[in-house]
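The lines below spell out each chain.
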Amino acid sequence: MSNRRNFFKTAGAVALGATAVSRVGAASLPEAVYQTSPAMQPLLMPETGRPYNPVATLNGWSLPWRMNNGVKEFHLVAEAVVREVAPGFFVNMWGYNGQSPGPTIEVVEGDRVRIFVTNRLPEATTVHWHGQRLPNGMDGVGGLNQPHIPPGKTFVYEFDARRPGTFMYHPHSDEMVQMAMGMMGLWITHPKGRHPQIADVARDYAFLLSAYAVEPGAMTPRVAEMTDFNIWTFNSRAFPAITPLVAGLGERVRIRVGNLTMTNHPIHIHGHEFEVTGTDGGPVPRSARWPEVTTDVAVGQMRQIELIADEPGDWAFHCHKSHHTMGAMGHDVPTMIGVDHRGLV
């Protein structure tokens, strides 16, 4: 397997020229790292900072960082991207660092984190750290607790990762347009040590549910859509282009599912039972868990499920809304059941 770093390209000079900081400040920016391949990339093992067991982002990757005087620094670049949703099906999106969703950010509970956000979009943006406990001025709501980030400028967020869990990030600036175009990503805060409610797992997967309204023959989503979406994806990939979640027989598997679409999704697995072990509010106490085969993930929610992979085979894992399991749908096509089709073709 190729090393993920082989796919990276850097844009140091371009990124620095686009920032809203002084020359001295620009020189201190972390390098902006990019990834455009839709394939799931190898785990990003921590080489600096505190150790943790990394997650595998479905058809995605984790963002490298640098340590600067004990602070973990990341560089997100908001920009237009092209995502291959399925083989031969490309969609114009907005995302971060070459992809939509953007790269997963992985930190450890207690880390001091600094995120440089450079805006290369044609309009202002912000980043909201969905579910995080942080200072009010770092919450990312444009016009309320921070100025919008103008095109060509950089804003710096800094706060402590205060509790372990699975969180999301997305704009709170022209939200309907920017999220409809794919601006979202995952944030994982790993526990700093053994946690009574967090088990060790052999496999740890994460992905975001996202939906788009793309007309036949078009490449750009219809951003004013609120209900009639026709492309339903796991991390902006549609079956059969989604990377399978692989596990060894008897292994404990964790799957983290975040929902930033405009509707709920009853996520269902075949052949196994699972327990919901976490939400974006934190770990679920063991006494509050029960076996399930389907869990509903509402808008803006995250559900973390865990199971023992004790039945060999290829098992389906999907949203149980039947129209969400389909590809692009012709919503204006009438029901043709019972109609005499002879002579129509």
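All values reported here derive from a predicted model rather than from experimental measurement.

1. Observations concerning the overall build of the protein
Consideration 1: The secondary structure content of the protein amounts to 3 helices and 19 strands.
Consideration 2: When burial is assessed residue by residue, the protein has 52% of its 345 residues classed as buried.
Consideration 3: The contacts of the protein with a sequence gap of at least 6 include a subset with a gap of at least 24, amounting to 73%.
Consideration 4: Summed over all atoms, the accessible surface of the protein reaches about 15800 Å², with 56% contributed by carbon and sulfur.

2. What to know about the sheet that holds strand β19 (residues 317-319)
Consideration 1: Across the sheet, which stays open at both edges, the 3 strands sit in the order β17-β14-β19 with antiparallel pairing between neighbours. Edge positions in the sheet fall to β17 (294-297) and β19, since each of these pairs with one other strand and no more. The sheet shows a mean angle of 25° between the axes of neighbouring strands, taken without regard to direction.
Consideration 2: Across 4 bridges, the pairing between strand β14 (residues 265-269) and β17 is antiparallel. Along β17, the bridge assignment pairs H265 with V297.

3. Remarks on the nonpolar core
Consideration 1: Residues L76, I115, W129, Y157 and W187 are the most contacted members of the largest nonpolar core, which totals 32 residues.
Consideration 2: Mapped onto this core, the elements with two or more residues apiece are β3 (71-86), β4 (89-96), β5 (105-108), β6 (112-119), β8 (154-160) and β9 (165-170).
Consideration 3: Sequence-distant contacts of W129, that is, excluding residues within four places in its chain, are made with L76, I105, I115, L134, M138, D139, Y157, F159, M168, Y169 and W187.

4. A closer look at the sheet that holds β5
Consideration 1: Read across the open sheet, the 4 strands follow the order β5-β10-β9-β7; overall the sheet is mixed. Strand pairing shows two members of the sheet lacking a second neighbour, β5 and β7 (128-130), which therefore form its edges. Strand-to-strand twist across the sheet, computed as the mean angle between neighbouring axes with direction ignored, equals 25°.
Consideration 2: Sheet topology places β5 next to strand β10 (residues 185-190); 4 bridges connect them, and they run parallel. For E106, the partnering residue across the bridge sits in β10 and is I188.

5. Structural notes on the packing of aromatic side chains
Consideration 1: With the rule as written, the count across this model stands at 13 aromatic pairs.
Consideration 2: Ring geometry for F229 versus W232: centroids 6.1 Å apart, planes at 70°, classification edge-to-face. Considered together, F229 and W232 belong to a single accessibility category, that of buried residues.
Consideration 3: One aromatic cluster is present, formed by Y96, W129, F155, Y157, F159, Y169 and W187 through successive ring pairs.
Consideration 4: The side chain of K72 reaches across the aromatic face of W65, ending 4.3 Å from its centre.

6. Some words on the confidence of the model for the protein
Consideration 1: Residue-level pLDDT values for the protein average 90, and 90% of them are 70 or greater.
Consideration 2: Counting contacts from residues 1-24, a segment whose pLDDT is below 50, to residues more than four positions away or on other chains yields 47 contacts.

7. With respect to the pairing of β9
Consideration 1: The buried fraction of β9 is high, at 6 of 6 residues.
Consideration 2: Burial along β9 is two-sided: the face carrying G165, F167 and Y169 and the face carrying T166, M168 and H170 are both buried.
Consideration 3: Summarising the sheet, β7 and β9 pair through 3 bridges and their orientation is antiparallel. Considered in β9, the bridge of W129 is made with Y169.

8. A few points about the pattern of salt bridges
Consideration 1: A complete count under the given rule lists 18 salt bridges for this structure.
Consideration 2: Here R114 ties to E73 by a salt bridge, and the two come within 2.4 Å at their closest N and O atoms. Here R114 is found in strand β6, whereas its partner E73 is found in strand β3, with 41 residues between them in sequence.
Consideration 3: On the basis of relative accessible area, R114 is assigned to the buried category, the value being 16%.
Consideration 4: Given the relative accessible area of 2%, E73 is considered buried.

9. Quick look at the environment of I105
Consideration 1: Take I105: it is sitting in strand β5.
Consideration 2: Among the residues examined, I105 registers a relative accessible area of 0% and is labelled buried.
Consideration 3: Between the alpha carbons of I105 and F74 there is a distance of 8.3 Å; along the sequence they are 31 residues apart.
Consideration 4: Excluding anything up to four places from it in sequence, I105 contacts F74, L76, W129, Y169, L186, W187 and I188.

10. Regarding the environment of A247
Consideration 1: Examined against the element boundaries, A247 turns out to sit in the loop between β12 (231-234) and β13 (252-259).
Consideration 2: Taking relative accessible area as the criterion, A247 reaches 34% and is therefore assigned partly exposed.

Thresholds applied
Residues numbered from 1 in each chain as written. Predicted model: local features only at pLDDT ≥ 70, side-chain atom pairs only at ≥ 80, totals over all residues. Heavy atoms only, no water. Helix = DSSP H or I, 4+ residues; strand = E, 2+ residues; numbered from the N terminus. Buried < 20%, exposed > 50% of the residue type's maximum accessible area, 1.4 Å probe, protein only. Contact = heavy atoms within 4.5 Å. Areas by Shrake-Rupley, 256 points an atom, 1.4 Å probe, with all protein chains shown as cover. Pairing = 2+ DSSP bridges. Axes fitted to C-alpha atoms, helices over the stretch in contact; angles between N-to-C directions. Core = buried A, V, L, I, M, F, W, Y, C linked by side-chain atoms within 4.5 Å. Phe/Tyr/Trp six-rings, centres within 6.5 Å; stacked < 30°, edge-to-face > 60°. Lys NZ or Arg CZ within 6 Å of the ring centre and 35° of its normal. pLDDT = per-residue confidence, 0-100. Salt bridge = Lys/Arg side-chain N within 4 Å of Asp/Glu carboxyl O.

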